[in-house]
Amino acid sequence: MAHINQNFLKLPGGYLFPEIGRRVRAFSAQNPPMPLIRLGIGDVTQPLAPAVVDAMVKASKEMGVKETFRGYCEETCYAYDFLRFAIQDAYRERGVAIADDEIFVSDGAKSDCGNIGDIFSADNVVAVCDPVYPVYVDTNAMAGRAGDHDGEKWDSLIYLPCTAENGFFPDLPTNKVPDLIYICSPNNPTGTAATKEQLKVWVDYANAHGSIILFDSAYEAFISEEGVPHSIFEVEGAKTCAIEFRSFSKSAGFTGTRCAYTVIPKALEREGASLNALWNRRQGTKFNGVPYVIQRAAEAALSPEGRVQTKAAINYYLNNAKVIREGLTAAGLTVYGGVNAPYLWVKTPDSIPSWDFFDLLLKKACVVTTPGAGFGPSGEGYIRVTAFGDAEATKEAVRRIASIL
Ligand SMILES: *Cc1c(COP(=O)(O)O)cnc(C)c1O
């Protein structure tokens, strides 16, 4: 008889979004007085930039001609030179030098964040921020690194509370030393971004203890304030302790197009082994690259024309974020984030539980949000509101929320 991976049975089983879906469907069935506005989703809504579409059309045509047809991408780290150079240039503009064979192109930061665990032993101690992007937690649970779930927490994970008191950035752990540390900045779900000084504390800690920082900067393109680092490699010492995940999903609207990349410095070694070499071996065995057409699309997103166009979409979302932040603040709520990220982290009034405030907004304002408690225990007392919606609908949602408070 085949035996299953028992760790899967320990997973509490997609609680957050299915439960939101269930409540929204039940409410919709009762003929709500107004059309629902969905500010719960973490997906983009603006179309691809024209420069990106043109590049895809052109590359698709090349695939239909014998001389320019491409099969497997056999380039170093699955990155065609044109895309690798474009990514290197983007880093160089921020003063970061990344070598040719340090950039691994993939189909998503979600897959890379999840798969990176393959190169680490099952007995590593893992630290996650709380609240957290659930992928980091669930993939470690599947690998047996999280222990057992007690209904609220996994008993082998170190939870690093991110609260209003610490500016939603984790303090160093005081008991156990984690081997793997997930940091997401700008953060999903809190919408806040770490400063260089904040990151430096963790880089120094990781270097001192031999830990690895798994740094997710999927939202770096939303950073609007000067001086906020876009990459962990802007912090001195990071190349000996960090892996960085980036994606075109949120920066260029590629959630349905699929292209991302992971940077693993060659200076990053543990137990005498190069993590870059291990990941290369892992990808070489379990992955076969991102389509030529899509890599051309990603290159176009980084071209001067593409940058202007994708920046317009980002500014559209950031303007929604401003509308939400200002509108809800004026309505008396305490609102965090939304300046360097497309997410607003909103304190519930009178500290009512997140699911109760979620229900209130759904039933009285017909606005769908995400209860903070779904992202971890420290998310209780908050809701996440996304800026990825339509501008007019976002304004209407803010008016409705203000009117019921
Ligand atoms: C959306 C998102 C990503 C991007 O994932 P892709 O697989 O590249 O679409 C990565 N990390 C976080 C925290 C996200 O919210």
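Residues numbered from 1 in each chain as written. Predicted model: local features only at pLDDT ≥ 70, side-chain atom pairs only at ≥ 80, totals over all residues. Heavy atoms only, no water.

Attention now goes to the pattern of salt bridges. Applying the stated rule across the entire model yields 20 salt bridges. The closest approach of N and O atoms between K266 and D101, which form a salt bridge, is 2.8 Å. Of the two residues, K266 sits in the loop between strand 8 (260-263) and strand 9 (269-270) while D101 sits in the loop between helix 4 (81-93) and strand 2 (103-106), which places them 165 residues apart along the sequence. Accessibility expressed as a relative area gives 27% for D101, which makes it partly exposed. For the salt bridge of E392 with K395, the shortest nitrogen-to-oxygen distance reads 3.5 Å. (Salt bridge = Lys/Arg side-chain N within 4 Å of Asp/Glu carboxyl O. Helix = DSSP H or I, 4+ residues; strand = E, 2+ residues; numbered from the N terminus. Buried < 20%, exposed > 50% of the residue type's maximum accessible area, 1.4 Å probe, protein only.)

Next up on the list: the site of the ligand. Close to the ligand lie 14 residues, the nearest being D216, Y219, S247, S249 and K250. Taking N188, its side chain carries an N or O atom lying 2.9 Å from an oxygen atom of the ligand. Between a nitrogen atom of the ligand and a side-chain N or O atom of D216, the distance comes to 2.6 Å. In isolation the ligand exposes 390 Å². Once the protein is present, 93% of that is buried. Mapped by element, the contributors of at least two residues to the shell around the ligand are helix 5 (109-115) and helix 8 (248-251). Residue classes in the shell around the ligand are distributed as 6 nonpolar, 4 polar and 4 charged. (Near = heavy atom within 4 Å. Polar contact = N/O pair within 3.5 Å; in protein donor to acceptor, adjacent residues only side chain to side chain. Areas by Shrake-Rupley, 256 points an atom, 1.4 Å probe, with all protein chains shown as cover. Nonpolar A, V, L, I, M, F, W, Y, C, P; charged D, E, K, R; others polar.)

Attention now goes to the nonpolar core. Soluble globular proteins: nonpolar side chains tend toward being buried together. The biggest cluster of nonpolar side chains holds 55 residues, and the ones touching the most others in it are L83, I213, I232, F248 and C259. No other element matches the 8 residues that helix 10 (residues 292-302) contributes to this core. Sequence-distant contacts of C259, defined by excluding residues within four places in its chain, comprise L83, V105, S106, D107, S247, F248, S249, F254, V290, I294 and A298. (Core = buried A, V, L, I, M, F, W, Y, C linked by side-chain atoms within 4.5 Å. Contact = heavy atoms within 4.5 Å.)

So, about the sheet that holds strand 12 (residues 343-347). Taken in spatial order, the 4 strands of this open sheet run 11-12-15-14, and their pairing is antiparallel. Every other strand in the sheet has two partners, leaving strand 11 (335-337) and strand 14 (370-371) as the edge strands with one partner each. Where strand 11 and strand 12 come together, 3 bridges link them in antiparallel fashion. Residue pairing in the sheet places G337 in a bridge with L344 of strand 12. Across the sheet, helix 12 (residues 354-365) touches strand 14 and strand 15 (382-386), and the angle it forms with strand 15 is around 45°. (Pairing = 2+ DSSP bridges. Axes fitted to C-alpha atoms, helices over the stretch in contact; angles between N-to-C directions.)

Tracing the backbone through its elements, the reader meets T262 in strand 8. We classify T262 as buried; its relative accessible area is 0%. Among the polar contacts made by the side chain of T262, one reaches the side chain of D112 at a distance of 2.7 Å. Setting aside residues no more than four positions away along its own chain, T262 makes contact with E102, I103, F104, D112, I243, E244 and F245.

Let us look at the pairing of strand 12. The buried count for strand 12 comes to 4 of 5 residues, which makes it a mostly enclosed element. What sits between the antiparallel neighbours strand 11 and strand 12 is a turn of 5 residues, in which G338 has the positive phi angle 80°. One ladder, built from 5 bridges, connects strand 12 with strand 15; its direction is antiparallel. Each bridged residue has a counterpart across the sheet, and for Y343 the counterpart in strand 15 is T386.

The subject of this paragraph is the side chain of E244. Here E244 is to be found in strand 7 (residues 242-247). The exposure class of E244 is buried, given its relative accessible area of 0%. The residues touching E244, leaving out its near neighbours within four places in the chain, are Y91, F215, S217, S231, I232, F233, Y261, T262 and V263.

The sheet built from 7 strands is open, its strands ordered 2-8-7-6-5-3-4 with mixed pairing. Either end of the sheet is taken by a strand with one partner, and the two such strands are strand 2 and strand 4 (158-161). Strand after strand, the sheet turns through a mean of 20° between neighbouring axes, direction not considered. As paired elements, strand 2 and strand 8 share 4 bridges and run antiparallel to each other.

The final tally for this structure, using the stated rule, is 22 aromatic pairs. Between W202 and Y205, the aromatic rings sit 5.6 Å apart at their centres with planes inclined by 65°, giving edge-to-face as the arrangement. On the criterion of helical spacing, the pair formed by W202 and Y205 is a turn pair, its members being 3 residues apart in helix 7 (residues 196-209). The two residues W202 and Y205 agree in class, both being buried. Centre to centre, the rings of W345 and Y382 are 5.2 Å apart; their planes meet at 10°, and the pair counts as stacked. Highlighted residues: W345 in strand 12 and Y382 in strand 15, separated in sequence by 37 residues. On the accessibility criterion, Y382 (7% relative accessible area) is buried. Linked through ring pairs, Y219, F222, Y316, Y317, Y343 and F388 together constitute an aromatic cluster. The side chain of R70 reaches across the aromatic face of Y80, ending 5.4 Å from its centre. (Phe/Tyr/Trp six-rings, centres within 6.5 Å; stacked < 30°, edge-to-face > 60°. Lys NZ or Arg CZ within 6 Å of the ring centre and 35° of its normal.)

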